[in-house]
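# Architecture and fold: a report
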Amino acid sequence: MACIVFGFKALCFSFLFVAVASRPTAWKKVFNVQRYGATSDGKTDNVNAFKTVWKSACSRINGNSKIYVPKGTFYLGGIEFLGPCKNKIEFVIDGTLLAPANPKDIKQDTWINFRYIDNLSIYGKGTLDGQGKQSWPFNDCHKNTSCPQLAKTMGFAFVNDSSVKGITSLNSKMAHFNFFQVHHFNITEVNITAPGDSPNTDGIKIGYSSNMQISNTQIGTGDDCIAILPGTTNLDISNVTCGPGHGISVGSLGKNKAEKDVNGLTVSDTIFNGTSNGIRIKTWESSASNILVSKFVYENIQMINVGIPINIDQKYCPYPPCEKKGDSHVQIQDVELQNIYGTSTTKTAVSLQCSKSVPCKNIHLIDIDLKYNGTNEQGPAIAMCQNVDGYARGKKFPPNCLD
Ligand SMILES: *[C@@H]1O[C@H](CO)[C@@H](O)[C@H](O)[C@H]1NC(C)=O
Ligand SMILES: *[C@@H]1O[C@H](CO)[C@@H](O)[C@H](O)[C@H]1NC(C)=O
Ligand SMILES: *[C@@H]1O[C@H](CO)[C@@H](O)[C@H](O)[C@H]1NC(C)=O
Ligand SMILES: *[C@@H]1O[C@H](CO)[C@@H](O)[C@H](O)[C@H]1NC(C)=O
Ligand SMILES: *[C@@H]1O[C@H](CO)[C@@H](O)[C@H](O)[C@H]1NC(C)=O
Ligand SMILES: *[C@@H]1O[C@H](CO)[C@@H](O)[C@H](O)[C@H]1NC(C)=O
Ligand SMILES: *[C@@H]1O[C@H](CO)[C@@H](O)[C@H](O)[C@H]1NC(C)=O
Ligand SMILES: *[C@@H]1O[C@H](CO)[C@@H](O)[C@H](O)[C@H]1NC(C)=O
């Protein structure tokens, strides 16, 4: 008898144990913003409702959280989603988040900012509408030192193991997406759109971040489709369409002493369509820092009517005159460009202008096939090289200037 009772008790305890141990992942709670007071009339500011939702979702300890923005237009002022959170957060956006049209109504440098968060996944069929049109005329900071601050659309800082998928970002006031101190982050199936003449509307800006992937994404803006800034390592870009815009740019680099190296960039299976540049690396004419830019691979890239498809510029000076304290000291090395084809709209389809003091090293051009297709019959296309060491193999159109 005692034996059976003992056995029964033992069985009982083990059931209890299973129940307790599995509780943390037992169920995912859905936080529909409309049930927390959010209104989809496109006018009421939903900041308080979103803050309440975030607080509950982020602090939930016995299961993961899913924040849900249903279809409809939700006006939202500047907001920060701050971690660390106690669980994994899904942030599903199927509706439209509408930014204040007046830049003064945002009051922070990023409209929607995520900080100190791990395991965040943002996805959905929705749109972030930055309503940038009204503020673009005020984007004149190189001429006007008292220019108003304009907000980026969505920012991530100190965020790890996270992703953005599916959503559209429309008409940002400044950059659409900004990444700072972000590690292991995937961006996929995202659509980024602003007019080709909208100032500083970079698609994706990345700095001091590692192990990011950007794939299956369409970007058309008035500035860089992707801007790769100091301290970026192991960035993989594939199947991206860029245009209109200024291309996929590394830099500008070298301006500040504290900058960190940029290495491990791959850009593959990508189309540049009607952009001013395609593959671009730019470093300031006289640089304070002597960082290294290395281990880049660009492959299988189509250029359609691109101004300068391949452009390494170590004399970058957007608003001349620039300080002339000497050459750029940014070292560019180990860059492979393979199977780059299509058309340019300027005669110089390949421009490799490296630093006299720190020449580019180990630059490989393999199967380059670019033709001039401009309107003023300047062709055929040419390549220009200055202070570059490396080689060309396979197809060499325009005629190579390396060896
Ligand atoms: C993030 O996910 C990892 C791996 O699943 C897990 O170890 C970690 O505890 C998670 N962190 C949070 C805040 O959920
Ligand atoms: C500079 O920007 C401020 C703020 O938008 C504006 O009031 C001022 O008129 C601008 N000045 C010039 C010269 O454009
Ligand atoms: C995020 O990742 C970076 C690089 O791997 C690491 O140094 C940092 O501690 C991580 N942060 C968190 C909160 O886990
Ligand atoms: C990013 O995608 C890769 C597969 O391409 C996957 O292995 C990795 O876990 C993903 N990382 C995150 C943070 O979603
Ligand atoms: C991207 O978004 C714009 C603006 O909403 C839209 O016109 C375009 O069709 C979208 N492209 C894709 C591929 O979804
Ligand atoms: C490339 O991305 C587009 C979306 O921009 C997608 O429709 C297509 O399936 C992707 N191609 C591959 C090979 O993944
Ligand atoms: C290039 O852009 C033009 C003009 O926007 C568009 O009509 C064309 O379909 C695009 N080509 C590709 C291959 O995306
Ligand atoms: C050449 O340019 C014309 C006019 O700009 C354009 O219609 C055509 O598609 C371009 N051809 C190629 C192969 O890019």
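About the thresholds
- Residues numbered from 1 in each chain as written.
- Chains lettered and ligands numbered in written order.
- Predicted model: local features only at pLDDT ≥ 70, side-chain atom pairs only at ≥ 80, totals over all residues.
- Heavy atoms only, no water.
- Helix = DSSP H or I, 4+ residues; strand = E, 2+ residues; numbered from the N terminus.
- Buried < 20%, exposed > 50% of the residue type's maximum accessible area, 1.4 Å probe, protein only.
- Contact = heavy atoms within 4.5 Å.
- Near = heavy atom within 4 Å.
- Polar contact = N/O pair within 3.5 Å; in protein donor to acceptor, adjacent residues only side chain to side chain.
- Areas by Shrake-Rupley, 256 points an atom, 1.4 Å probe, with all protein chains shown as cover.
- Nonpolar A, V, L, I, M, F, W, Y, C, P; charged D, E, K, R; others polar.
- Phe/Tyr/Trp six-rings, centres within 6.5 Å; stacked < 30°, edge-to-face > 60°.
- UniProt positions renumbered as here; feature names shortened; annotations may be inferred.
- Core = buried A, V, L, I, M, F, W, Y, C linked by side-chain atoms within 4.5 Å.
- Domains from an automatic or database assignment.

## Some words on the overall build of the protein
From N to C terminus, the protein includes two helices and 27 strands. Dimensions along the principal axes, computed over C-alpha positions, put the protein at roughly 95 × 55 × 40 Å. Relative to its full complement of 403 residues, the protein shows a buried share of 50%. Considering only contacts in the protein between residues 6 or more positions apart, those separated by 24 or more positions represent 76%.

## Focus: the site of ligand 2
Around ligand 2, a shell composed of N144, S146, C147 and P148 is seen. Here N144 contributes a side-chain N or O atom positioned 2.4 Å from an oxygen atom of ligand 2. For ligand 2, whose free accessible area comes to 370 Å², the fraction covered by protein is 37%. Tallied by class, residues from the shell around ligand 2 come to two nonpolar, two polar and no charged.

## Some thoughts on the site of ligand 4
Residues in close proximity to ligand 4 include D161, S162, H184, N186 and Q213, which together make up its full environment. Within the side chain of N186, one N or O atom sits 2.3 Å away from an oxygen atom of ligand 4. A distance of 3.1 Å separates an oxygen atom of ligand 4 from a polar side-chain atom of Q213. Here ligand 4, which alone exposes 360 Å², has 40% of that area covered by the protein. For the shell around ligand 4, the elements supplying multiple residues, two or more each, are β10 (152-165) and β12 (177-188).

## A look at the packing of aromatic side chains
In this structure the tally under the stated criterion is 15 aromatic pairs. With a centroid separation of 5.1 Å and 50° between ring planes, the pair formed by W54 and F81 is classed as tilted. With a gap of 27 residues between them, W54 in helix α2 (residues 47-59) and F81 in strand β4 (residues 79-82) connect regions that are remote in the sequence. Of the two residues, W54 and F81, neither departs from the other in class, the shared state being buried. Connected via pairs of aromatic rings, a cluster forms that spans W54, F81, F91, F114, F156, F179 and F185.

## What to know about the UniProt feature "active site" (unreviewed entry) in the protein
Here the UniProt-annotated "active site" (unreviewed entry) positions come out as H246. Relative to the assigned elements, H246 resides in the loop between β17 (233-242) and β18 (248-253). Excluding residues within four positions of it along the chain, H246 makes contact with G222, D223, D224, S276, N277 and R280. For H246, the side chain forms a polar contact with the main-chain oxygen of G222, separated by 3.3 Å.

## Notes on the nonpolar core
Counting residues in hydrophobic clusters, the biggest one holds 93 residues, and the most contacted among them are F91, F114, F156 and Y298. Among the elements that make up this core, the one with the highest residue count is α2 (seven residues). Mapping this core onto the domain boundaries places at least three of its residues in each of domain 1 (26-137 + 149-223) and domain 2 (228-403). Beyond its immediate stretch of four places on either side in the chain, F156 contacts N113, F114, L120, I122, V164, F177, N178, F179, F180, V182 and F185.

## Re the side chain of D202
Mapped onto the fold, D202 is located in the loop between β13 (191-193) and β14 (204-207). By relative accessible area, which is 6% here, D202 ends up buried. D202 has contacts with M174, A175, H176, T221, D223 and D224, leaving out every residue within four places of it along the chain.

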